[in-house]
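Chain by chain, the residues run as shown.
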Amino acid sequence: MSTASMPSGLEFRQSVDHMVDRAVEVMDLDIDIANAIKACTSVLQVTFPVKIKGKIEMFTGWRAVHSIHRLPSKGGIRYATSVDQYEVEALAALMSYKCAIVDVPFGGSKGGLYIDPKQYTRDELQMITRRFTRELAKKGFLSPSTNVPAPDVGTGQREMAWIADTYKHLYPTDLNHVACVTGKPVEHGGIRGRTEATGRGVQYTLQEFFRHKEEVKDASMDGSLEGKNIIVQGLGNVGYYAAKFLSEEDGAKITAVIEWDGAIINPDGIHIEELRYHINDNGGVKGFAGGTYEEDGTKVLEMECDILIPAALESVIHEENAPNIKAKLIAEAANGPVTFEADRILRSRNIKVLPDALMNAGGVVVSYFEWIRNLTHIRFGRLERRFDESKGHCIVHALKEMTGRDVPDYIQDNLARGADEFDLVRSGLDDSMRLALQAIIDTHNRNEKIEDYRTAAYVIAMSKISRSYLDIGIY
Ligand code: NAD
């Protein structure tokens, strides 16, 4: 694999920096502090050999640490052929801002391996992942206290379980070894609700948006999510859960899904579960019976809809197609789907953008819960669930005694039910997403120089991070 053919993420990194600069311009923040925050603290590049089908193949990977004002630094590991050092740095920076926005006490980091995972078997990927893990751990870029990865594009629970197991064998005396990575399967120290957390966070944030009538009106819409037309790009982990929950639970209509091999369009709404089965069986959306196939997926980004959810790749909305986008609201479920220049064009056209650093933060929020669960070595709800249940039964009993009437079943069920881990994770995620969006809307509305939600989000992030830099002091 020649590194010469690697695409450059430089534009993406610059785009993130420019967006932060817009926030710094409207803040009373020392420019030197702003520059210190924006800079990436350290980047590791590793190249290592793995024997695949009897031949030695070389792999190149990176792990960037953007900020260490809070530890550990947190951020996913991506397996893709788009990965390069700049992309990893841009994504690490986004993680710092994201954690600050949703009040998660982590610094920002990100990793990537230049690989097309589709070209390798499960066993080969395991060997590659375990070797990459050893490189990261031995060089100080993986540990429960300093640097904790999670899944991203091309990786999932399986890879996280391999990483955790490799780390455990390297450092068996580290009591907290299982906290070296999040997004693990539940049987291997993961937390219930992590797999769908990012998509769930997209849903909770959109639900909160529709509770703010003035903002909804500003985005040229009214009412609730019910009946809204939504186009989703990418039906992977984030896009699938977001589309599923929004259509099944909020009554929204997914009118188009764009994938790598084209798009499926259905103005009456696509059955997401069926489409997902089709993709699993066929590798793409082509041939799906529940809608019309369009080969040019990029064209579908420009179709009429209420909400566009890019949930695949970065820079898919750029200078050329931004003037043609017809969505009223863009919810950035992917990292960096809108370039800096496109962002300006969308603003001038009054198309509202809910930024990535907020929209996809659900993953890191639940990763934070998983990390705490691992450090405490106990499942959330284990101590209090039955106690809460018996208190609920007492209340039901008291109600019956006092009123002399039966308590309806649905009230009994609600009262006499202790929260399990799933309930608590969902409640904590909902709370985090709601509070973060409320703060962004509030910041946006309080300062007329702040023209958009993204700038408001970065103002919040920069003021939180700068406060922690100033409190500690730079020496
Ligand atoms: P994934 O690999 O599970 O899914 C990506 C999907 O995009 C796949 O279905 C893929 O086929 C599709 N895709 C690839 N090329 C495409 C193209 N040209 N057009 C349309 N679709 C295409 O990845 P994911 O974990 O869902 O991540 C998606 C985005 O969300 C990324 O930007 C990632 O950084 C971000 N994100 C993910 C998480 C998480 O918890 N997984 C958390 C925060 C942010």
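For the structure itself, look to the data block above.
As the structure is a prediction and not an experimental result, all values here were calculated from the model.

**What to know about the overall build of the protein chain**
The number of helices and strands found in the protein chain is 17 helices and 13 strands. For the protein chain, whose C-alpha radius of gyration is 23 Å, the value lies close to the compact-globule estimate of 23 Å for 475 residues. Counting only C-alpha atoms, the protein chain reaches 80 × 55 × 55 Å along its principal axes. Taking the intrachain contacts of the protein chain between residues at least 6 apart in sequence as the baseline, contacts between residues at least 24 apart amount to 70%. Total accessible area on the protein chain stands at roughly 20900 Å², and carbon and sulfur atoms take up 50% of it. Taken as two groups, the 56 positive and 68 negative side-chain charges of the protein chain have centres that lie 5 Å from each other.

**Describing unusual backbone geometry**
If a residue is not glycine, its phi is most likely negative; likewise, a peptide bond is most likely trans. Cis geometry is found at the peptide bond from Leu 71 to Pro 72, where omega equals 5°. Along the polypeptide, Pro 72 turns up in the loop between strand E2 (55-65) and strand E3 (73-74). A positive phi is found at Lys 53, a non-glycine position, where the angle reads about 45°. Looking at where Lys 53 falls in the secondary structure, it is placed in the loop between strand E1 (42-52) and E2.

**Quick notes on the packing of aromatic side chains**
With the rule as written, the count across this model stands at twelve aromatic pairs. Taking 6.0 Å as the distance between ring centres and 25° as the angle between the ring planes, the aromatic pair formed by Phe 48 and Phe 59 counts as stacked. One end of the pair, Phe 48, is in strand E1; the other, Phe 59, is in strand E2, with eleven residues separating them in the sequence. Taken individually, Phe 48 and Phe 59 each receive the classification buried, so the pair is uniform in this respect. With a centroid separation of 6.2 Å and 85° between ring planes, the pair formed by Phe 209 and Tyr 453 is classed as edge-to-face. Here the residue Phe 209 occupies a position in helix H6 (residues 197-209), and Tyr 453 occupies one in helix H17 (residues 453-472), the gap between them amounting to 244 residues. The pair formed by Phe 209 and Tyr 453 is uniform in burial state, with each residue classed as buried. In this structure an aromatic cluster arises from ring pairing among Phe 48, Phe 59, Tyr 120 and Phe 132. One cation-aromatic arrangement involves Arg 200 over Phe 245; the distance from NZ or CZ to the ring centre is 3.5 Å. In this arrangement the basic side chain of Arg 426 is found over the ring face of Phe 422, its NZ or CZ atom lying 5.4 Å from the centre.

**Describing helix H14 (residues 385-403)**
The terminal C-alpha atoms of H14 lie 27 Å apart, and with 19 residues this matches the ideal 27 Å at 1.5 Å per residue to within 8%. Regarding H14, the residues found buried are Glu 389, Gly 392 and Val 396. Considered in projection along H14, the buried side chains sweep an arc of 60° and stay on one side of the axis. Exposed residues pointing more than 90 degrees away from the buried face of H14 are listed as Phe 387, Cys 394, His 397, Glu 401 and Met 402. Residues of H14 that are buried in the fold lie against helix H15 (409-415). Looking one or two residues beyond H14, the residue adopting positive phi is Gly 404, at roughly 70°.

**A few points about a nonpolar patch on the surface**
On the surface, a cluster of nonpolar side chains totalling about 220 Å² of accessible area is made up of Ile 395, Leu 399 and Leu 415. Among the structural elements, Ile 395 can be located in helix H14.

**Digging into the pairing of strand E4 (residues 77-80)**
Here E4 shows a buried face lined by Ile 77 and Tyr 79 and a second buried face lined by Arg 78 and Ala 80. Of the pairings in the sheet, the one linking E4 to strand E5 (residues 107-114) comprises four bridges and is parallel in character. The residue bridging Tyr 79 from the neighbouring strand is Leu 113, located in E5.

**Looking at the sheet that holds strand E13 (residues 352-354)**
Hydrogen bonds between backbone groups are what pair the strands of a sheet, and the pairing can be parallel or antiparallel. The strand order across the open sheet built from seven strands is E10-E9-E8-E7-E11-E12-E13, with neighbouring strands paired in mixed fashion. Two strands bound the open sheet, and with one partner strand each, they are strand E10 (292-294) and E13. Strand-to-strand, the axes of this sheet are offset by a mean angle of 20°, without reference to chain direction. Direction of pairing for strand E9 (residues 262-265) relative to E10: antiparallel, over a ladder of three bridges. When the bridges of E10 are listed, Ile 265 appears paired with Thr 292.

**Section: the site of the ligand**
By nearness alone, 22 residues border the ligand, and Arg 78, Asp 152, Thr 198, Glu 259 and Asn 335 come closest of all. Thr 198 is positioned with one of its side-chain polar atoms (N or O) 2.8 Å from an oxygen atom of the ligand. Within the backbone of Gly 236, an N or O atom sits 3.3 Å from an oxygen atom of the ligand. A per-class count over the shell around the ligand returns ten nonpolar, eight polar and four charged.

**Some points on the pattern of salt bridges**
A full pass over the atoms with the stated rule returns 35 salt bridges. In this structure, Glu 370 and Lys 184 form a salt bridge, with 2.7 Å as the shortest nitrogen-oxygen distance. With a gap of 186 residues between them, Glu 370 in helix H13 (residues 362-376) and Lys 184 in the loop between helix H5 (157-170) and H6 connect regions that are remote in the sequence. Across this residue pair, the class does not change: Glu 370 and Lys 184 are buried. Here Arg 200 ties to Glu 249 by a salt bridge, and the two come within 2.8 Å at their closest N and O atoms. In this pair, Arg 200 is assigned in helix H6 and Glu 249 in helix H8 (residues 237-250), connecting sequence segments 49 residues apart. Owing to a relative accessible area of 4%, Arg 200 belongs among the buried residues under this scheme. Its relative accessible area of 44% is what places Glu 249 among the partly exposed residues. The network of salt bridges with common partners includes Arg 22, Glu 332, Asp 343, Arg 347, Asp 356, Glu 451, Asp 452 and Arg 454.

**Brief notes about helix H9 (residues 272-282)**
Turning to H9, its buried residues number three or more, namely Ile 272, Glu 273, Leu 275, His 278 and Ile 279. Residues of H9 that are buried make contact with H8, strand E8 (253-259) and E9. With its phi angle positive at about 85°, Gly 283 sits one or two positions after the end of H9.

Basis of the calculations
- Residues numbered from 1 in each chain as written.
- Predicted model: local features only at pLDDT ≥ 70, side-chain atom pairs only at ≥ 80, totals over all residues.
- Heavy atoms only, no water.
- Helix = DSSP H or I, 4+ residues; strand = E, 2+ residues; numbered from the N terminus.
- Rg over C-alpha atoms; globule rule 2.2 N^0.38 Å.
- Contact = heavy atoms within 4.5 Å.
- Areas by Shrake-Rupley, 256 points an atom, 1.4 Å probe, with all protein chains shown as cover.
- Lys, Arg positive; Asp, Glu negative; His and termini not counted.
- Charge placed at Lys NZ, Arg CZ, Asp CG, Glu CD.
- Phe/Tyr/Trp six-rings, centres within 6.5 Å; stacked < 30°, edge-to-face > 60°.
- Buried < 20%, exposed > 50% of the residue type's maximum accessible area, 1.4 Å probe, protein only.
- Lys NZ or Arg CZ within 6 Å of the ring centre and 35° of its normal.
- Expected span 1.5 Å × (residues − 1).
- Arc of directions from axis to C-beta.
- Patch = residues over 30% accessible without salt bridge, like charges linked within 9 Å, V, L, I, M, F, W, Y side chains within 5 Å.
- Salt bridge = Lys/Arg side-chain N within 4 Å of Asp/Glu carboxyl O.
- Pairing = 2+ DSSP bridges.
- Axes fitted to C-alpha atoms, helices over the stretch in contact; angles between N-to-C directions.
- Near = heavy atom within 4 Å.
- Polar contact = N/O pair within 3.5 Å; in protein donor to acceptor, adjacent residues only side chain to side chain.
- Nonpolar A, V, L, I, M, F, W, Y, C, P; charged D, E, K, R; others polar.

Just geometry here; none of it tells us what the structure is for.
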